[in-house]
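Summary of structural features
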Amino acid sequence: MKAGNNTVVRFHYSVSDLEGTPIDSSREREPLAILLGHGGLIPGVEHAMQGRSAGERFDVTIAPDDGYGPRRPELTQRIAKKYFRNPDSLRPGMQTTLHSNDGHRTVTVTKVGSSVIDVDLNHPLAGLDLVFDLEIVDVRAATDEELAHGHVHGEGGHHH
Ligand code: ZN
C-alpha cells in the first residue's frame, strides 16, 4: 500500500540543519504513527511521504514556509517568574514549557531577571531549513474511527 491522504503511516525520522548538525531523531524510540493529510506533520514532510511504500528511506530538505514557518523577531515576551514551573533552574538558551489557559507551548529563554524572564515564543525550528531523513516503516488504511477523530489509534497513536 502506498502512503496517501487518509492512510496511517508509521515512520522513523532524523532531522538536521543544512550543515548536518543533528536536531532530533526517532531512531532511539518507537516509530511515529501519523494519519496523513490531517495536518499532523509539517506540510513538507506530509508532502514528501505521498506515494511512498514501506521500506523506502529518503532525504527531503524543507524550507521554513513548508516547515515551522519564518522566525518572527517580535515574538518575544517578558513574563513574571511565577508563571514558570522551575524559574530558578532556567538559563538563557534553555527551552521550557509555559502553561496558560490556552494550553502549553515550548519557549526559549533569552534572559533571566530577578522577577521576570524574557522568552522567545517562536517554535525552536522556525526559520530553519531542515533536512529530514525519513524511513517509511509501514502503511495501512485508516479505520473509520480514526478518520472521524482525525488521528491514529493504537500503536504509535492515541489510546483512549
Ligand atoms: Zn481518537
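Residues numbered from 1 in each chain as written. Predicted model: local features only at pLDDT ≥ 70, side-chain atom pairs only at ≥ 80, totals over all residues. Heavy atoms only, no water.

**Topic: the overall build of the chain**
Of regular secondary structure, the chain possesses 2 helices and 9 strands. Listing every helix and strand of the chain by position from the N terminus yields β-β-β-α-β-β-β-β-β-β-α. Principal-axis analysis of the C-alpha atoms places the extent of the chain at approximately 55 × 40 × 30 Å. Expressed as a percentage of the 160 residues in the chain, the buried residues total 39%. Restricting the contact set of the chain to residue pairs at least 6 apart, pairs at least 24 apart contribute 62%. (Helix = DSSP H or I, 4+ residues; strand = E, 2+ residues; numbered from the N terminus. Buried < 20%, exposed > 50% of the residue type's maximum accessible area, 1.4 Å probe, protein only. Contact = heavy atoms within 4.5 Å.)

**Overview of the coordination of the zinc ion**
Distances from the zinc ion to its protein donors, His149 (ND1), His151 (NE2), His153 (NE2) and His160 (NE2), fall within 2.0 to 2.1 Å. One can describe the site at the zinc ion as tetrahedral: its 4 donor atoms subtend angles covering 100 to 124° at the metal. Mapped onto the sequence, the residues coordinating the zinc ion show the spacing H-x1-H-x1-H-x6-H. A residue pair is termed long-range when its members are at least 10 positions apart, and His149 in helix α2 (residues 144–149) and His160 in the segment after α2 qualify at 11 residues. When its relative accessible area of 66% is taken as the criterion, His160 is described as exposed. (Donors = N, O, S within 2.8 Å, 3.2 Å for Na, K, Ca; no water. Tetrahedral: all angles 85-135°; square planar, octahedral: opposite > 155°, others 65-115°.)

**Here we look at the pattern of salt bridges**
In this structure the tally under the stated criterion is 11 salt bridges. For Arg27, the salt bridge is made with Glu135, and the minimal N-O distance between the two is 2.7 Å. One end of the pair, Arg27, is in the loop between β2 (22–25) and β3 (32–35); the other, Glu135, is in strand β9 (residues 130–141), and 108 residues separate them in sequence. Salt bridges here are not isolated pairs; linked through shared partners, they connect Arg10, Asp138 and Glu155. (Salt bridge = Lys/Arg side-chain N within 4 Å of Asp/Glu carboxyl O.)

**Overview of the nonpolar core**
Generally speaking, a soluble globular protein has its nonpolar side chains buried in company with each other. Within the largest apolar cluster, 21 residues are counted, with the highest numbers of intra-cluster contacts made by Val9, Phe11, Val45, Met49, Phe132 and Leu134. Taken together, the elements giving at least two residues each to this core come down to β1 (7–17), α1 (43–49), β4 (57–62) and β9. Take this core: its biggest share by element is 5 residues, from β9. Setting aside its immediate chain neighbours within four residues, Val9 contacts Ala3, Leu32, Ala33, Ile34, Leu36, Met49, Ile136, Asp138 and Val139. (Core = buried A, V, L, I, M, F, W, Y, C linked by side-chain atoms within 4.5 Å.)

**A word on the domain arrangement of the chain**
Taken as a whole, the chain is organised into domain 1 (7–68 + 126–149) and domain 2 (73–120). Computed from C-alpha coordinates alone, the two centres of domain 1 and domain 2 are separated by 29 Å. (Domains from an automatic or database assignment.)

**Structural notes on the pairing of strand β7 (residues 103–112)**
Inspection of the sheet shows strand β6 (residues 95–100) paired to β7 by 6 bridges, in the antiparallel sense. Its bridge partner being in β7, His99 is matched across the sheet by His104. Where β6 hands over to β7, the hairpin turn is made up of 2 residues, counted between the paired strands. Bridge count between β7 and strand β8 (residues 116–120): 4 bridges; the pairing is antiparallel. In the sheet register, Val109 faces β8, and the bridge partner there is Val119. Following β7, the chain reverses through 3 residues before pairing antiparallel with β8. (Pairing = 2+ DSSP bridges.)

**Side note on the packing of aromatic side chains**
According to the stated counting rule, one finds 2 aromatic pairs in the structure shown. Relative to Tyr13, the ring of Phe11 lies with its centre 6.3 Å away and its plane at 45°, an arrangement referred to as tilted. Residue Phe11 shares its accessibility class with Tyr13, and that shared class is buried. Of the aromatic side chains, those joined through ring pairs into one cluster are Phe11, Tyr13 and Phe132. Of note, Arg52 hangs over the ring of Phe58, and the distance from its end group to the ring centre comes to 3.6 Å. (Phe/Tyr/Trp six-rings, centres within 6.5 Å; stacked < 30°, edge-to-face > 60°. Lys NZ or Arg CZ within 6 Å of the ring centre and 35° of its normal.)

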